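# Analysis of the macromolecular model
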Amino acid sequence: RSCDLLIDILVSGNHSLVVGNTNVRTFDGRGVSDLFRLLENDPEFLDGARVADKVVGKGAAALMILGGVKEVYSMVISDPAFALFEKYGVKVSFGKRVEHIINRKGDDICPVEKLCADCVTPEECLPLIKGFIQCMNHNG
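It is worth spelling out the nonpolar core at this point. Counting 37 residues, the largest nonpolar core has V19, V56, M64, F85 and I129 as the members making the most contacts within it. Counting residues per element, this core draws most heavily on helix 4 (residues 58-67), which supplies 6 residues. With residues near it in sequence (within four places) discarded, V56 still touches A61, M64, S74, V76, I77, S78, A81, F85 and I101. Membership of the second largest hydrophobic core comes to 7 residues, among which are C3, I7, V18 and Y73.

Structure, rendered in structure tokens:
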């Protein structure tokens, strides 16, 4: 499988995200922040890329689809994320599929997953995610 090397790097390096395209880059940010920054600052790198990620909720899935990612492996993926990938023809594999991604405290649904719950397309998710990240950076 083509994502095997990326999965090895993800697990052995304890990274949150590994993206492989012309080269391999690792990321250790929280939530969707690294994906969002990549989409904003280096969208070419996402286009046609393979991704290995620890946790993929609907927001992360939307960012990957908007970036043109062609294949994704996630250790944990939510049903809404899986459905979005299927709808847009992204090849996806996973370790565990769950109803929703849970927040860091473990007492509620992930805020980005909640934000994107009613969105139908990745395009609808983007401004919500952008607002969320700006708010997090501001309150940081």
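The rest of the description comes next.
Attention now goes to the pairing of strand 1 (residues 17-20). Along strand 1, one buried face is formed by L17 and V19 and the opposite face, lined by V18 and G20, is buried too. In this sheet, strand 2 (residues 24-27) lies alongside strand 1 in antiparallel orientation, the contact comprising 4 bridges. Bridging from a neighbouring strand, V18 pairs with T26 of strand 2. Linking strand 1 to strand 2, which pair antiparallel, is a turn of 3 residues. As defined by bridge partners, strand 1 adjoins strand 3 (residues 50-56) across 4 bridges and the pair is classed as antiparallel. If you follow L17 over to strand 3, its bridge partner there is D53.

What follows deals with the sheet that holds strand 4 (residues 71-78). Here 5 strands make up an open sheet; going across it, the order is 2-1-3-4-5 and the pairing mixed. This sheet does not close on itself; its edge strands, each paired only once, are strand 2 and strand 5 (91-98). Between one strand axis and the next, the sheet turns through 10° on average, direction left out of account. Packing of helix 4 onto the sheet brings it into contact with strand 3 and strand 4, and relative to strand 3 it is tilted by some 165°. Strand contacts of helix 5 (residues 79-87): strand 3, strand 4 and strand 5, with the helix running at about 155° to strand 4, the strand carrying the most contacts.

Take the packing of aromatic side chains next. Summed over the entire model, instances satisfying the criterion amount to 1 aromatic pair. Seen in terms of ring centroids, F82 and F94 are 5.7 Å apart; in terms of plane orientation they differ by 85°. Their pairing is edge-to-face. Note that F82 is positioned in helix 5 and F94 in strand 5, a separation of 12 residues in sequence. Under the relative-accessibility criterion, F94 is labelled partly exposed at 32%. Over the ring of F45 we find R25; its NZ or CZ atom is 3.8 Å from the centre of that ring.

Cut-offs used in this document
Counting restarts for each chain, with residues numbered from 1 along the sequence as it is written. In keeping with the predicted nature of the model, local features appear solely for residues at pLDDT of at least 70, side-chain atom pairs appear and are counted solely at 80 or more, and the whole-chain, interface and lining totals rest on all residues. Side-chain numbers here rest on the full set of heavy atoms in the structure, without hydrogens or water. Throughout, nonpolar core names a set of buried Ala, Val, Leu, Ile, Met, Phe, Trp, Tyr and Cys residues whose side chains join them through atoms within 4.5 Å. Note on exposure labels: buried denotes an accessible area under 20% of the residue type's maximum, exposed denotes more than 50%, and partly exposed covers the range between, all computed with a 1.4 Å probe on protein chains only. Numbering goes from the N terminus for both helices and strands, where a helix is a DSSP run of H or I of at least four residues and a strand is a run of E of at least two. Residue contacts follow a heavy-atom distance rule, with two residues in contact if any of their heavy atoms lie within 4.5 Å. Paired strands, in this sense, are two strands between which DSSP finds at least two bridges. Here an angle of 0 to 180 degrees is reported between the N-to-C directions of two axes, which are lines fitted to C-alpha atoms, with helices fitted over the stretch in contact. In summary, the pairing rule links any two rings of Phe, Tyr or Trp, Trp by its six-membered ring, whose centres are within 6.5 Å, and it sorts them by plane angle into stacked for under 30 degrees, edge-to-face for over 60 and tilted for everything else. Criterion for a charge above a ring: Lys NZ or Arg CZ within 6 Å of the ring centre, and within 35 degrees of the ring normal.

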